[in-house]
Amino acid sequence: MADAAGRLTKLAEEVLGAPLPVRIRAWDRSESGPPGAPTLVIRHRRALRRMLFKPGELGLARAWVAGDLDIEGDLYAALDLLAGLIWERPGGGGSPRAAVLRALARPEIRAAARELLVLAGAPVPPAPPVEEVRRRRGPLHTLRRDKAAISHHYDVGNDFYALVLGPSMVYSCAYWGTGEGAGTFTLEDAQHDKLDLICRKLGLREGQRLLDVGCGWGSMVLHAAREYGVRAVGITLSEEQATFARKRIAEAGLADRIEIRVQDYREIHDEPFDAISSIGMAEHVGRTRYAEYAEALYSLLKPGGLLLNHQIARRPIVDEEAYRVDEFIDRYVFPDGELAPLGRTVGQLEDAGFEVRDVEAIREHYALTLRRWVANLEEHWDRAARLTSPGRARVWRLYMAACALSFERNRLGVNQVLAVRTPETGDAGQPLRARTWPPVAPGA
C-alpha cells in the first residue's frame, strides 16, 4: 500500500475537478501535496470509509470527531482552503455529495472509485462517533424535543464551558473595542461591554422587571440586577445551567432579586415585563415556531416595553425552502437549530406587532469572540478532553474555528434588533437619536 497519500491526492483531484489545496499524510507515512500547506493527516484508512459512505461534510466530520482525521498546521488556514470543497462548490456547482455523484457517472472516475474502495479496506461503514445525535423522531420544536436538543448542547459540563468561555460565562458574541484607549482588550471586558450595551439599549432602570430568555449561566440577569437595580427572571431548558446560575446569584447576594427557572418561553404566564433580552437563543426556535416565539414575547411585554433580540443570521438564498442546516452542526453541535436571514427575522417581529427601532450588525465581533474561545480550548486541551471526551472537545474546536471563518467571510452574521411594543398612542418612549455615531473624518 505504498504512497497512499499520492494516490489519494490524485483520486480527490479527479473527483473534485480541482487541485487539492492542502497536503495529505496517510497512515503509511506517505505525503503528497503542495509543500508548506496545512496537512490533512489521515491516521487510519477507516476515515476513507466514513467519507465514502457519507461524502461531503458529515463523513469528514465523523472522521474528525473519531480522531481518524486531523490537521497539522494552521487550522483556520486549512479550513479556509477546504471550505469551497467541503461546504460550497465554486460557481454554484452544488454540494460535494452532488459533485461526487456526478463524477461517478464518468467511467474513468468509476475506476478511480474502485481503487479508493481498495484503499479504504473493509466495505462496511464504521459506526458514527458516540458524540453524534442519533436519529430524532416526531415533529420539530415540541417542548420535549427542544429540551432534549438544548440538553445535548449545554449539559456537557459547566467546568468544560468555564474553560472555553472564561470567567464571564457568556456564550454569545462579545462586543469589542476599537483600538488603544477603547478599554476593551480581554474577552471578559468585551463580554461585560456587550451585557452593558444590551442593558443600555433596553433603557433598564431600578425597579423594572426583566425577562432573559435563554439565560445561560445567569450572566445577563446578574449584570442587570447588580448594575441597573432591576428584578429579573432568567429561563433556560438546561438543568446544569440553572444550577450554576442559582449558585452564582446566591454568592452575589442577589437571590431576592433574581429568579432562575427551567422553563420554556411558551410556559411563562406571569407577565407583564418591562423589558426582555433574548441573547443567542432564537437560533434554537426554528422557522416553524418563530412567529409563535415573536408573538409570545410581544404578549409578555407591557405597552412601551422593549425587546433586545441578539441572533445569528445566515445569508439569504434564492430558494429559501431549500435551506437545510449543515449536517455537522445538526448532528454534533445544535440539534434542530435553524438560522434565518436578518430580513425574515425583522419581518416576523413586525408581524407580531413590534416596532423595530434599531438593528446593529456585529458579525466581525463574533469572529473575534470565537477565536478567543478556540484559543481557550486549545490552551486547556487535555483537561477539556477529560471533562467531556476527546471527541466532544474535537467537535467544539472544529465548529468554533469554522464559525469564526464563516463570520469573517460574511457567510454568517449576528445582529442586535431592538424592538418596542409601541402603545396605541404611538409614543414609543425612544430618543430621537438612539446612537452616537463617530465623527466624520477631516476632509471626508
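Up top is the structure.
Figured I'd write up the structure that's included with this text.

Parameters and conventions
Residues numbered from 1 in each chain as written. Predicted model: local features only at pLDDT ≥ 70, side-chain atom pairs only at ≥ 80, totals over all residues. Heavy atoms only, no water. Salt bridge = Lys/Arg side-chain N within 4 Å of Asp/Glu carboxyl O. Helix = DSSP H or I, 4+ residues; strand = E, 2+ residues; numbered from the N terminus. Buried < 20%, exposed > 50% of the residue type's maximum accessible area, 1.4 Å probe, protein only. Axes fitted to C-alpha atoms, helices over the stretch in contact; angles between N-to-C directions. Parallel < 35°, antiparallel > 145°, perpendicular 65-115°, else oblique. Left-handed = near helix turned anticlockwise from the far one by under 90°. Contact = heavy atoms within 4.5 Å. Nonpolar A, V, L, I, M, F, W, Y, C, P; charged D, E, K, R; others polar. Pairing = 2+ DSSP bridges. Right-handed = clockwise from strand over helix to strand, strands pointing away.

## As for the pattern of salt bridges
- The full count for this structure, using the stated rule, is 30 salt bridges.
- Measuring nitrogen to oxygen at the nearest pair gives 2.8 Å for the salt bridge that ties Lys10 to Glu14. Separated by 4 residues within a single helix, Lys10 and Glu14 lie in helix α1 (residues 4-16), roughly one turn from each other.
- Assessed through its relative accessible area of 52%, Lys10 is described here as exposed.
- On the accessibility criterion, Glu14 (26% relative accessible area) is partly exposed.
- Of the charged contacts in the structure, one is a salt bridge between Glu360 and Lys201, with a shortest N-O distance of 2.6 Å. Remark: Lys201 occurs in helix α9 (residues 187-201) and Glu360 occurs in strand β10 (residues 355-361); sequence separation between them is 159 residues.
- Using a relative accessible area of 14% as the deciding quantity, one classes Lys201 as buried.
- A cluster of three or more residues bridged by salt bridges with shared partners is formed by Arg23, Arg25, Glu31 and Glu72.

## Considerations on the packing of helix α12 (residues 290-300) against helix α14 (residues 342-351)
- For the pair α12 and α14, interaxial distance at closest approach is 8 Å and the crossing angle is 50°. Taken together, α12 and α14 sit at an angle that is classed as oblique. Viewed along their axes, α12 and α14 form a crossing whose handedness is right-handed. Only Thr345, Gln348 and Leu349 of α14 make contact with α12, whose side of the interface consists of Tyr290, Ala291 and Ala294.
- Grouping the constituent residues of the contact of α12 with α14 by class yields 4 nonpolar, 2 polar and no charged.

## Focus on the pairing of strand β7 (residues 258-262)
- As judged from the 5 bridges shared by strand β6 (residues 231-236) and β7, these two strands associate in the parallel manner. Among the inter-strand pairings, Gly234 is bridged to a residue of β7, identified as Ile260.
- For the crossover that starts at β6, traverses helix α11 (residues 239-251) and ends in the parallel β7, the hand is right-handed.

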